[in-house]
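Residues per chain are reported as follows:
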Amino acid sequence: MPVACGTEVNIMQEGIPDVIPPETCYLGWQESLTLLAQLVEAEIPDQWKY
């Protein structure tokens, strides 16, 4: 489905043990997505561009 800006990501997480609070999973995904954004949006120095 098209979005107005950026990329829409839907994540379904199943089978998480009851001892792990859902808030912890949410925070973990937020951190993972932040790191992914840093990776794909990184500036590439001109000498590395082809």
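Everything that follows concerns the structure shown earlier in this document.
Presented here is an overview of the structure given in this document.

1. Overview of the overall build of the chain
Part 1 of the argument: In terms of regular secondary structure, the chain is built from one helix and zero strands.
Part 2 of the argument: Computed over its C-alpha atoms, the radius of gyration of the chain comes to 16 Å, more than 25% above the 10 Å expected for a compact globule of 50 residues.
Part 3 of the argument: Seen through its C-alpha atoms, the chain measures out along the principal axes to roughly 50 × 25 × 15 Å.
Part 4 of the argument: Within the chain, the fraction of its 50 residues that count as buried is 2%.
Part 5 of the argument: Here the chain displays about 5200 Å² of accessible surface, and carbon together with sulfur accounts for 61% of that area.

2. Overview of the environment of Tyr26
Part 1 of the argument: Mapped onto the elements of the fold, Tyr26 is located in helix H1 (residues 22–40).
Part 2 of the argument: Sequence-wise, Tyr26 and Ala37 are 11 residues apart; in three dimensions their C-alpha atoms are separated by 16 Å.

3. Digging into the environment of Pro21
Part 1 of the argument: With respect to the helices and strands, the residue Pro21 is situated in the segment before H1.
Part 2 of the argument: A sequence separation of 16 residues divides Pro21 from Cys5, and the C-alpha atoms of the two residues are 31 Å apart.

The rules behind these values
Residue positions within a chain follow its written sequence, with the count starting from 1. In keeping with the predicted nature of the model, local features appear solely for residues at pLDDT of at least 70, side-chain atom pairs appear and are counted solely at 80 or more, and the whole-chain, interface and lining totals rest on all residues. The basis for every side-chain value is the complete set of non-hydrogen atoms in the structure, without hydrogens or water. For the purposes of this entry, the term helix denotes a DSSP run of H or I that reaches at least four residues, the term strand denotes a run of E that reaches at least two, and both are numbered from the N terminus. Atoms counted for the radius of gyration: C-alpha only. Globule rule: 2.2 Å times the number of residues to the power 0.38. Per-residue accessibility, obtained with a 1.4 Å probe over protein chains only, is compared with the maximum for each type, and a residue is labelled buried under 20%, exposed over 50%, and partly exposed between these values. Using the Shrake-Rupley algorithm and a 1.4 Å probe, accessible areas are obtained, with residue cover drawn only from the displayed protein chains.

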